[in-house]
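Understanding the architecture of this molecule
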Amino acid sequence: MKNEYYAKVYDFLRPIVLFFHPIDVKGLENVSDEPLVICPNHSSWWDPILVISALRRDYPLRVMAKKQLFGIPVLKDFLTRMGVFPVDRGNSDVGAAKTAIRSLKDGWSLLLFPEGTRVHKNKKVKAKAGVAMISIRSGVRMIPVFVGTTKKLFQRIPIVFGKPYEPVYTGRKGTAEEYQRNAEEIMRQTYELGGAQ
């Protein structure tokens, strides 16, 4: 266990979360002990909490979240202790990218939302190329995760983990176009998992 504070919060909050939003998890065998970039779709602020709840207590995880959440001092302290770090979604946040790559190389997995924002049903948002850039430059695979988009109290929400995806690129670091193609491919796989529901 890399973060004892995370484990304590997990033990306290997970039963409460799952009481109101029970989950039906499939494909968890695809989540190995290797560092992974975990790539779910994003339709609700519940999504990160539900994905974390689907993973085991001692899973070494860091989370990238929008910097606005860190504007509240108490919340900032809580998120930081939980292993969450901020990203400025509106700009090329080099600092956040470096933190992400360093975390993956140190053996953590990383949860981030390639779409960069919540996407409502039947809407489409272009995936951010940064997810693939982080994956390629850290030398880890991405894993698609579909989270059910209908969230009603006490109604089971499907969470499906797909098989890890090895990004396709040329050269040592790849190109911007290749980052974009790989980002779009991981989200295609993510929504394909949802199509089986």
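This structure is a prediction, so every number in the text was calculated from the model and none was measured.

1. Describing the packing of helix α4 (residues 94–105) against helix α5 (residues 130–138)
- At a closest axis distance of 9 Å, the pairing of α4 and α5 adopts a crossing angle of 40 degrees. One element, α4, and the other, α5, form an angle in the oblique class. Judged by the sense of rotation from one axis to the other, the crossing of α4 with α5 is right-handed. In contact with Ala-97, Ala-100, Ile-101, Leu-104 and Lys-105 of α4, α5 contributes Met-133, Ile-134, Arg-137 and Ser-138.
- Here the contact of α4 with α5 is built from residues that sort into 6 nonpolar, 1 polar and 2 charged.

2. Looking at the environment of Lys-163
- Checked against the element boundaries, Lys-163 lands in the loop between β7 (157–161) and α6 (176–195).
- Given a relative accessible area of 62%, Lys-163 falls into the exposed group.
- As a C-alpha pair, Lys-163 and Asn-30 span 133 residues in sequence and 5.5 Å in three-dimensional space.
- Contacts of Lys-163, omitting those with residues within four sequence positions, involve Asn-30, Met-142, Ile-143, Pro-144 and Gln-189.

3. Section: the nonpolar core
- Grouped together as the largest cluster of nonpolar side chains are 29 residues, with contacts concentrated most on Ile-38, Leu-55, Leu-61, Ile-159 and Phe-161.
- Among the elements of the structure, α1 (4–20), β2 (36–40), α2 (47–54), β3 (61–66), β6 (141–147) and β7 are those that each provide at least two residues to this core.
- By residue number, the principal contributor to this core is α1, which donates 5 residues.
- Excluding its chain neighbours within four sequence positions, the residues that come into contact with Leu-55 are Tyr-10, Leu-28, Val-31, Ile-38, Leu-61 and Phe-161.
- Listed in part, the 25 residues of the second largest apolar core include Met-64, Phe-85, Ala-100 and Ile-101.

Conventions adopted
Residues numbered from 1 in each chain as written. Predicted model: local features only at pLDDT ≥ 70, side-chain atom pairs only at ≥ 80, totals over all residues. Heavy atoms only, no water. Axes fitted to C-alpha atoms, helices over the stretch in contact; angles between N-to-C directions. Helix = DSSP H or I, 4+ residues; strand = E, 2+ residues; numbered from the N terminus. Parallel < 35°, antiparallel > 145°, perpendicular 65-115°, else oblique. Left-handed = near helix turned anticlockwise from the far one by under 90°. Contact = heavy atoms within 4.5 Å. Nonpolar A, V, L, I, M, F, W, Y, C, P; charged D, E, K, R; others polar. Buried < 20%, exposed > 50% of the residue type's maximum accessible area, 1.4 Å probe, protein only. Core = buried A, V, L, I, M, F, W, Y, C linked by side-chain atoms within 4.5 Å.

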